[in-house]
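Chain and residue survey
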Amino acid sequence: MRIEILGSAAGGGFPQWNCNCRNCHSLRAGVFRGKPRTQTQVAISNDDCTWFLLNASPDLRAQIEATPALHPRNAARDSPISGVLLTSSDIDQIAGLLSLRELQPFHIYCTLSIRRILQEGNSVFAMLNRVPDQVSWMDIDCDSSFCLQALPERGAGINCSVFSLGNRFPAYVSRDRSLTLKQEDALLGVIAVSSSCRRMAYMPAVPAVDDSLLERLEEADLLLFDGTFWSDDELIRVQGSGSTAREMGHIPVSGAEGSLRKLAGLRKPRKIFVHVNNTNPMLDESGPECAEVRAAGWEVAEDGWSLEL
Ligand SMILES: [Zn+2]
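Residues numbered from 1 in each chain as written. Predicted model: local features only at pLDDT ≥ 70, side-chain atom pairs only at ≥ 80, totals over all residues. Heavy atoms only, no water.

**Here we look at helix α4 (residues 112-121)**
This is how it is decided: Only protein chains enter the area calculation, which uses a 1.4 Å probe; residues under 20% of their type maximum are buried, those over 50% are exposed, and those in between are partly exposed. In this text, helices come from DSSP runs of H or I with a minimum length of four residues, and strands from runs of E with a minimum of two, each type numbered from the N-terminal end. What the arc covers is the set of directions going from the helix axis to the C-beta atoms. In this analysis, two residues are considered to be in contact whenever any of their non-hydrogen atoms come within 4.5 Å of each other.
Here α4 has its buried residues at S113, I114, I117 and L118. Angularly, the buried residues of α4 cover 135° about the axis, an arc narrow enough to put them on a single face. In this structure, the buried side of α4 is in contact with α3 (91-94), β5 (106-110), β6 (135-139) and α5 (175-178).

Okay, here's the thing in structure tokens:
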């Protein structure tokens, strides 16, 4: 299985348009020891021919153009992208669907609740179904396994298991609608298994790590994990107010209850942080936080990385 990391930042990207934090300011001034990043986006393929997107970032159009494997090949209208698997209905994970509205057929795999949010609560997504042969919505249960399908229909050699990681829908989903949805549909983790039984765990948003999650991750060969915030009060310290990392649904990297400690016992998978917020000090390659992450056996994803599993 090939895994292309098209983007590795959290929502807003790095630098973020209205952010003047130490990281963003230093990057713009040309004195930052680290790389700019677009918003997190991953593409996977078992055969280098048929590709699937894990979520659809707001930067998707430029990310596809930056990745030759995802360019059209044959017909006047063509794409090697056969489907998109959505792990949540966060704007950062769905906005890119609107960049895929040019009448191209593909599958969208998501829970019924996420499909209802997009189709019933946000009419702009009707542009994905203007003609009969456009997007096929594939409802998936929040605790299930299924094979990703290429177009025309055939197995693409990737089996996905999904499971619930959280029960909170984004703020743009009204309370009335939220009450009609299945709460565990809100946020999924994904384990993608290649035809050679290699396993990648993908979870750009993880509210908490419990024993059942640890058990799943022990089986993985590659882990792409929530690296949004270094510390729980990171945004409050930058902005002077706001929510903690945990209140926003992200376990912080550092601290006694952070992901570095919680996942320290995982020996098998290659461990990579994705979805890194622009305020996170581990983006600074000359800083102690980056050194701590590397010493713990983790990597911080960069745009353009191509991984083979
Ligand atoms: Zn910033």
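And the narrative resumes.
**Observations regarding the pairing of strand β12 (residues 270-274)**
Quick reminder of the rule: Two strands pair under a simple rule: DSSP has to find at least two bridges between them. When the strands point away from the viewer and the path from the first strand over the helix to the second turns clockwise, the crossover is right-handed.
Within β12, 4 of the 5 residues are buried, which leaves the element mostly enclosed by the surrounding structure. Of the strand pairs in this sheet, strand β11 (residues 222-226) and β12 are connected by 5 bridges, and their pairing is parallel. Counted as the bridge partner of L222 is R270 from β12. Two elements, β12 and strand β13 (residues 298-300), share 3 bridges in a ladder whose sense is parallel. Paired with F273 across the two strands is V300, which belongs to β13. Taken together, β12, helix α9 (residues 288-295) and β13 constitute a β-α-β crossover, and its handedness is right-handed.

**Side note on the layout of surface pockets**
Definition in use: Buried and open spaces are told apart on a 1 Å grid over the protein atoms alone, a cavity being a set of points where a 1.4 Å probe fits but cannot get out and a pocket being an open set with protein on both sides within 12 Å along at least five of seven lines. Residues with an atom within 4 Å of a point are the lining residues. Grid points are joined across faces, edges and corners, and a volume is the space filled by probe spheres set on the points. Polar here means any residue other than Ala, Val, Leu, Ile, Met, Phe, Trp, Tyr, Cys and Pro, which are nonpolar, and Asp, Glu, Lys and Arg, which are charged; Gly is therefore polar.
In this structure, the largest pocket occupies an estimated 940 Å³ of space. Looking at the largest pocket, it is lined by 37 residues, and the ones nearest its centre are D90, D92, M248, H250 and H275. Among the elements of the structure, α3 and α7 (234-239) are those that each provide at least two residues to the lining of the largest pocket. Taken together, the residues that form the lining of the largest pocket break down as 15 nonpolar, 17 polar and 5 charged. Around the second largest pocket, the lining is made up of 17 residues, and of these D78, S79, S99, L100 and E102 lie nearest the centre. The leading source of residues in the lining of the second largest pocket is helix α2 (residues 60-65), at 3 residues.

**Comments concerning the pattern of salt bridges**
Just so we agree on the cut-off: Throughout this description, the term salt bridge denotes a Lys or Arg side-chain nitrogen within 4 Å of a carboxyl oxygen of Asp or Glu.
A full pass over the atoms with the stated rule returns 15 salt bridges. A salt bridge links R2 to D48; the nearest nitrogen and oxygen atoms lie 3.1 Å apart. Taken as a pair, R2 in strand β1 (residues 2-7) and D48 in the loop between β2 (41-45) and β3 (51-54) lie far apart in primary sequence, 46 residues in all. What makes R2 partly exposed here is its relative accessible area of 23%. Counted as one network, the salt bridges with shared partners bring together R2, D48 and E308.

**Considerations on the coordination of the zinc ion**
Applicable threshold: Each metal site lists N, O and S donors within 2.8 Å (3.2 Å for Na, K and Ca). With water left out of the atoms, a site can look as if it is missing ligands.
Bound to the zinc ion on the protein side are C19 (SG), C21 (SG), C24 (SG) and N278 (OD1), at distances that span 2.2 to 2.3 Å. Mapping the donors of the zinc ion onto the primary sequence gives the spacing C-x1-C-x2-C-x253-N. Here the residue C24 occupies a position in helix α1 (residues 22-29), and N278 occupies one in the loop between β12 and α9, the gap between them amounting to 254 residues. In this pair, the class of C24 matches that of N278, namely buried.

**Points about the sheet that holds β5**
As a reminder of what qualifies: Each axis is a line fitted through C-alpha atoms, and for a helix only the stretch in contact is used; angles between axes span 0 to 180 degrees, taken between their N-to-C directions.
Pairing within the open sheet is mixed, and its 7 strands lie in the order β6-β5-β4-β3-β2-β1-β14. Looking at strand neighbours, the two that pair on one side only are β6 and β14 (305-308), the edges of this open sheet. Pairs of neighbouring strands in the sheet enclose a mean axial angle of 20°, with direction left out of account. Here strand β4 (residues 81-85) runs beside β5; their pairing, made up of 3 bridges, is parallel. Bridge pairing links V84 to I108 in β5. The sheet strands contacting α4 are β5 and β6, and the helix crosses β6 at an angle near 140°.

**Focus on the environment of M200**
Positionally, M200 belongs in strand β10 (residues 199-203). For M200, a relative accessible area of 0% corresponds to the buried category. Taking the C-alpha atoms as reference points, M200 and I44, separated by 156 residues in sequence, lie 9.9 Å from one another.

**Considerations on the sheet that holds strand β7 (residues 144-150)**
In space, the 7 strands of this open sheet follow the order β7-β8-β9-β10-β11-β12-β13, with mixed pairing throughout. If you trace the sheet from one side to the other, it starts and ends with β7 and β13, each paired once. Sheet twist, expressed as the mean angle between neighbouring strand axes with direction ignored, is 25°.

**Focus: a negative patch on the surface**
Condition: Note on patches: the residues involved have over 30% relative accessible area and no salt bridge, like charges join within 9 Å, and the nonpolar side chains Val, Leu, Ile, Met, Phe, Trp and Tyr join within 5 Å. Computed with the Shrake-Rupley method and a 1.4 Å probe, the accessible areas treat only the protein chains shown as cover for residues. Under the convention used here, Asp and Glu are negative, Lys and Arg are positive, and both His and the chain ends fall outside the count. For this purpose, a charge sits on NZ of Lys, CZ of Arg, CG of Asp or CD of Glu.
A cluster of acidic residues, D210, D211, E215, E218 and E219, forms a negative patch at the surface. Tracing the chain through its elements places E219 in the loop between α6 (211-218) and β11.

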